[in-house]
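Commentary on secondary and tertiary structure
As a plain string of letters, each chain reads:
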Amino acid sequence: SASDNALLVISHPDDECLFFAPTILALLEKKAKILSASDNALLVISHPDDECLFFAPTILALLEKKVTVHVVCLSSGNYYGQGEKRILEFHSSCLKLGLQHSNVHCLTKFHDGPNRTWSSEEISEVLLEYLSKSKSKVLLTFDESGISGHPNHIAVNSAVKFMMKRTLSASFTPFVLETVPIVRKYLQIFDIIPTIIFLNQSQVVVLSSFADYFKAVSAMQCHRTQLVWFRWLIVAFSRNMLINTWSTVE
Ligand SMILES: [Zn+2]
């Protein structure tokens with residue numbers, strides 16, 4: 001039960017990783033507010049395919065726990081003029097992940113690109129609108145490093161902080177996805193060891209099963225315009241396709 005604390009007793013340093021890691025993670029997941037079935041959750045991403053490449057473990061875990069998940073993608077990913085195709089790919093990918101069509105929104109208001117500046121005020125207006133429409137108490141998005149460092153990802157984090165400063169009594173809890181150091185990014189499932197070692201008490205880890213990982217890969221295959229060779233390498237080796245670490249916003 002989420003209200004109980006648990007004490008794990010082991011005999012040797014490393015027993016916690018070698019034998020007990022799945023249980024530790026399952027208990028931490030249970031305790032986390034992020035996985036409460038009574039709350040709706042709003043995931044805000046910047047580009048079609050972010051939902052697969054970075055957030056799939058969490059989307060699948062939340063859906064499994066019967067949480068209603070809404071996704072808003074702020075741009076159509078039209079940088080190379082493929083926006084219309086990418087919107088369709090995004091909807092197909094979300095359906096593959098198990099999201100309801102009516103809970104998935106791709107906006108064309110923001111133009112993507114590393115040199116585009118997205119206004120925190122404009123993003124926060126969109127976020128407030130969708131938080132209200134979706135009746136979500138949990139808002140999920142990128143952290144201040146944006147996982148891949150893309151300015152459009154970081155802009156969403158800045159907008160959340162902007163909202164937190166402006167709204168005195170926020171009616172939602174924001175969670176941001178942790179960007180891990182580059183040396184850990186492509187360790188795939190093996191990143192679970194540094195994840196446990198460096199986990200702090202306020203963080204939440206979501207770990208995918210291999211079945212969920214293959215579901216995420218299958219959803220990624222809907223993003224046909226994006227499947228150039230190096231993105232396959234990301235799909236194959238990225239820890240974010242299997243592990244998500246969440247923090248709350250200070
Ligand atoms: Zn992106």
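Now for a quick tour of the structure. (Residues numbered from 1 in each chain as written. Predicted model: local features only at pLDDT ≥ 70, side-chain atom pairs only at ≥ 80, totals over all residues. Heavy atoms only, no water.)

Considerations on a nonpolar patch on the surface
Under the convention used in this document: For patch detection, residues must exceed 30% relative accessible area and be free of salt bridges, and they are connected within 9 Å for like charges or within 5 Å for nonpolar side chains (Val, Leu, Ile, Met, Phe, Trp, Tyr). Areas reported as accessible are Shrake-Rupley estimates using a 1.4 Å probe. Residue values count occlusion only from the protein chains shown. Each salt bridge in this description consists of a side-chain nitrogen of Lys or Arg and a carboxyl oxygen of Asp or Glu lying within 4 Å of one another. Helix and strand labels come from DSSP, where a helix needs a run of H or I of at least four residues and a strand needs a run of E of at least two; each type is numbered from the N terminus.
Nonpolar side chains collect at one region of the surface, where Ile-182, Val-183, Tyr-186, Val-228, Trp-229, Phe-230, Leu-233 and Phe-237 lie side by side and expose about 880 Å² of accessible area between them. Listed by contribution, the elements that provide at least two residues to the nonpolar patch are α9 (182-185) and α12 (229-237). Per-element tally for the nonpolar patch: the top contributor is α12, with four residues. Topologically, Trp-229 is positioned in helix α12.

As for the coordination of the zinc ion
Selection rule: Donor selection uses N, O and S atoms within 2.8 Å of the metal (3.2 Å for Na, K and Ca). Since no water is included, sites may look incomplete. Geometry assignment treats four donors as tetrahedral when all angles are between 85 and 135 degrees, treats four as square planar and six as octahedral when opposite donors are over 155 degrees apart and all others between 65 and 115, and treats everything else as irregular. Only protein chains enter the calculation, and the probe is 1.4 Å; a residue is then buried if its accessible area is under 20% of its type maximum, exposed if over 50%, and partly exposed in between.
The zinc ion binds to the protein through His-47 (ND1), Asp-50 (OD), Asp-50 (OD) and His-153 (NE2), with metal-donor distances spanning 2.0 to 2.8 Å. The site at the zinc ion holds four donor atoms, and with the angles between them running 51 to 127°, its shape is irregular. The sequence pattern describing where the donors of the zinc ion fall on their chain is H-x2-D-x102-H. Taken together, the residues span a long stretch of sequence, with His-47 in the loop between β1 (40-45) and α3 (50-53) and His-153 in helix α8 (residues 151-166) at a distance of 106 residues. For His-47, a relative accessible area of 7% translates into the label buried.

Focus on the environment of Ala-6
Assignment of secondary structure puts Ala-6 in the segment before α1 (15-18). For the pair formed by Ala-6 and Leu-28, sequence separation is 22 residues and the distance between their alpha carbons is 10.0 Å.

Some words on the packing of helix α11 (residues 210-220) against α12
Helices that pack against each other are described as a pair by the angle of their axes relative to one another and the distance between those axes. Cut-off, in case you're wondering: Lines are fitted to the C-alpha atoms to define the axes, a helix being fitted only along its stretch in contact, and any angle between axes, read from their N-to-C directions, falls within 0 to 180 degrees. Orientation categories follow fixed angle ranges, with anything under 35 degrees roughly parallel, anything over 145 roughly antiparallel, 65 to 115 roughly perpendicular, and all other angles oblique. Each crossing gets its handedness from the near helix: less than a right angle anticlockwise from the far helix is left-handed, clockwise is right-handed. In what follows, residue pairs with any heavy atoms lying within 4.5 Å of each other are defined as contacts. Here the term charged refers only to Asp, Glu, Lys and Arg, the term nonpolar to Ala, Val, Leu, Ile, Met, Phe, Trp, Tyr, Cys and Pro, and the term polar to all other amino acids, Gly among them.
α12 packs onto α11 with a crossing angle of 165° between their chain directions and a minimal axis gap of 10 Å. In terms of orientation, α11 lies roughly antiparallel with respect to α12. Judged by the sense of rotation from one axis to the other, the crossing of α11 with α12 is right-handed. Residues Tyr-213, Val-217 and Met-220 of α11 lie in contact with α12, whose contacting residues are Arg-231, Trp-232, Val-235 and Ala-236. For the contact of α11 with α12, a count of residues per class yields six nonpolar, no polar and one charged.

Points about the side chain of Ser-93
Rules: The term polar contact refers here to a pair of N or O atoms within 3.5 Å; inside protein, the definition further demands a hydrogen-donor-capable atom paired with an acceptor-capable atom, and it admits residues adjacent in sequence only when both atoms are side-chain atoms.
Relative to the helices and strands, Ser-93 is located in helix α5 (residues 83-97). For Ser-93, a relative accessible area of 0% puts it in the buried group. Of note is the side chain of Ser-93, whose polar atom sits 3.3 Å from the side chain of His-223. Once residues lying within four places of it in the same chain are set aside, the contact partners of Ser-93 are Glu-51, Cys-52, Ala-219, Cys-222 and His-223.

Some thoughts on the packing of helix α6 (residues 120-134) against α8
Between α6 and α8, the least distance of the axes is 8 Å, while the angle of their chain directions is 75°. The pairing of α6 with α8 is recorded here as roughly perpendicular in orientation. Mapping the contact onto sequence places Ser-120, Glu-121, Ile-123, Ser-124, Leu-127, Leu-128 and Leu-131 in α6 and Ala-155, Val-156, Ser-158, Ala-159, Val-160, Phe-162, Met-163 and Arg-166 in α8. For the contact of α6 with α8, the per-class residue count stands at 10 nonpolar, three polar and two charged.

As for the sheet that holds strand β2 (residues 69-73)
The test is simple: Here, strands pair whenever DSSP counts at least two bridges between them.
Ordered in space as β3-β2-β1-β4-β5-β7-β6, the seven strands form an open sheet in which the pairing is mixed. Strand pairing shows two members of the sheet lacking a second neighbour, β3 (104-106) and β6 (204-207), which therefore form its edges. Along the sheet, successive strands turn relative to each other by an average axial angle of 25°, direction set aside. As paired elements, strand β5 (residues 173-177) and strand β7 (residues 243-248) share three bridges and run antiparallel to each other.

Description of the packing of aromatic side chains
Here is the rule: Between the rings of Phe, Tyr and Trp (Trp by its six-membered ring), a pair exists once the centres lie within 6.5 Å; its type follows the angle of the planes, with under 30 degrees stacked, over 60 edge-to-face, and the other angles tilted.
A complete count under the given rule lists eight aromatic pairs for this structure. A ring pair is formed by Phe-54 and Phe-55, whose centres lie 6.4 Å apart and whose planes are at 90°; its orientation type is edge-to-face. With relative accessibility at 10%, the residue Phe-54 sits in the buried group. Note on Phe-55: relative accessible area 0%, which makes it buried. For the pair Trp-229 and Phe-230, a centre-to-centre distance of 6.0 Å together with 85° between the ring planes defines the contact as edge-to-face.

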